[in-house]
Amino acid sequence: EASGSVAWIEEAFGSTTGFIAGYLTWVSGATDNAIYPVLFLDYVVSFFGVAHNNGASDNNPNPNQELEIPAMHRFWMLSCTSVVLAYINYRGIQVVGNMSIVICIISMSPFVLMCLW
């Protein structure tokens, strides 16, 4: 069977427990995957907020103030990020594997540069 742990749980504890385990696994995955676009947007806003506000000025006396994004813009950016990630996942395992390698290289490159610097 292609059901993984659900099949094992059903075999050991019955179909009701297997259903509950499968449902809770699905809920866990859905909520976990919803976190990634939010974290990504927060990191981007934080990065560009620091880059944009890298010094105090007359209009901005606080150089560490982050950029404010209106709620509707934030919603659309999160929605677009989720759609792009879902499309990549829809394309298949080969594309997801290649994107994982690219993301790994991008995320590890700052650490490699700091070690080599």
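Bear in mind the structure is a predicted one, so any value in this text is a computation, not a measurement.

### Concerning the pattern of salt bridges
One pass over the structure, following the stated rule, counts 1 salt bridge. Here Arg74 makes a salt bridge to Asp42, at a shortest N to O gap of 3.0 Å. In this pair, Arg74 is assigned in helix α3 (residues 71-91) and Asp42 in helix α2 (residues 15-52), connecting sequence segments 32 residues apart. Given the relative accessible area of 26%, Arg74 is considered partly exposed. Using a relative accessible area of 33% as the deciding quantity, one classes Asp42 as partly exposed.

### Focus: the confidence of the model for the protein chain
Summary statistics for the protein chain give a mean pLDDT of 82 and a share of 81% for residues scoring 70 or more. Per-element mean pLDDT across the protein chain ranges from 84 in α2 up to 92 in helix α1 (residues 5-13).

### Thoughts on the packing of α3 against helix α4 (residues 93-116)
Two elements in contact, α3 and α4, have axes whose closest approach is 5 Å; the angle formed by their N-to-C orientations is 125°. In terms of their interaxial angle, α3 and α4 are classed as oblique. Residues Ile88, Asn89 and Arg91 of α3 form the contact with α4, whose participating residues are Val95, Val96 and Met99. Tallied by class, the residues present in the contact of α3 with α4 amount to 4 nonpolar, 1 polar and 1 charged.

### Considering a nonpolar patch on the surface
Together, Phe19, Ile20, Tyr23, Leu24 and Trp26 line one region of the surface with nonpolar side chains, adding up to about 610 Å² of accessible area. Along the chain, the position of Leu24 falls in helix α2.

What counts and how
- Residues numbered from 1 in each chain as written.
- Predicted model: local features only at pLDDT ≥ 70, side-chain atom pairs only at ≥ 80, totals over all residues.
- Heavy atoms only, no water.
- Salt bridge = Lys/Arg side-chain N within 4 Å of Asp/Glu carboxyl O.
- Helix = DSSP H or I, 4+ residues; strand = E, 2+ residues; numbered from the N terminus.
- Buried < 20%, exposed > 50% of the residue type's maximum accessible area, 1.4 Å probe, protein only.
- pLDDT = per-residue confidence, 0-100.
- Axes fitted to C-alpha atoms, helices over the stretch in contact; angles between N-to-C directions.
- Parallel < 35°, antiparallel > 145°, perpendicular 65-115°, else oblique.
- Contact = heavy atoms within 4.5 Å.
- Nonpolar A, V, L, I, M, F, W, Y, C, P; charged D, E, K, R; others polar.
- Patch = residues over 30% accessible without salt bridge, like charges linked within 9 Å, V, L, I, M, F, W, Y side chains within 5 Å.
- Areas by Shrake-Rupley, 256 points an atom, 1.4 Å probe, with all protein chains shown as cover.

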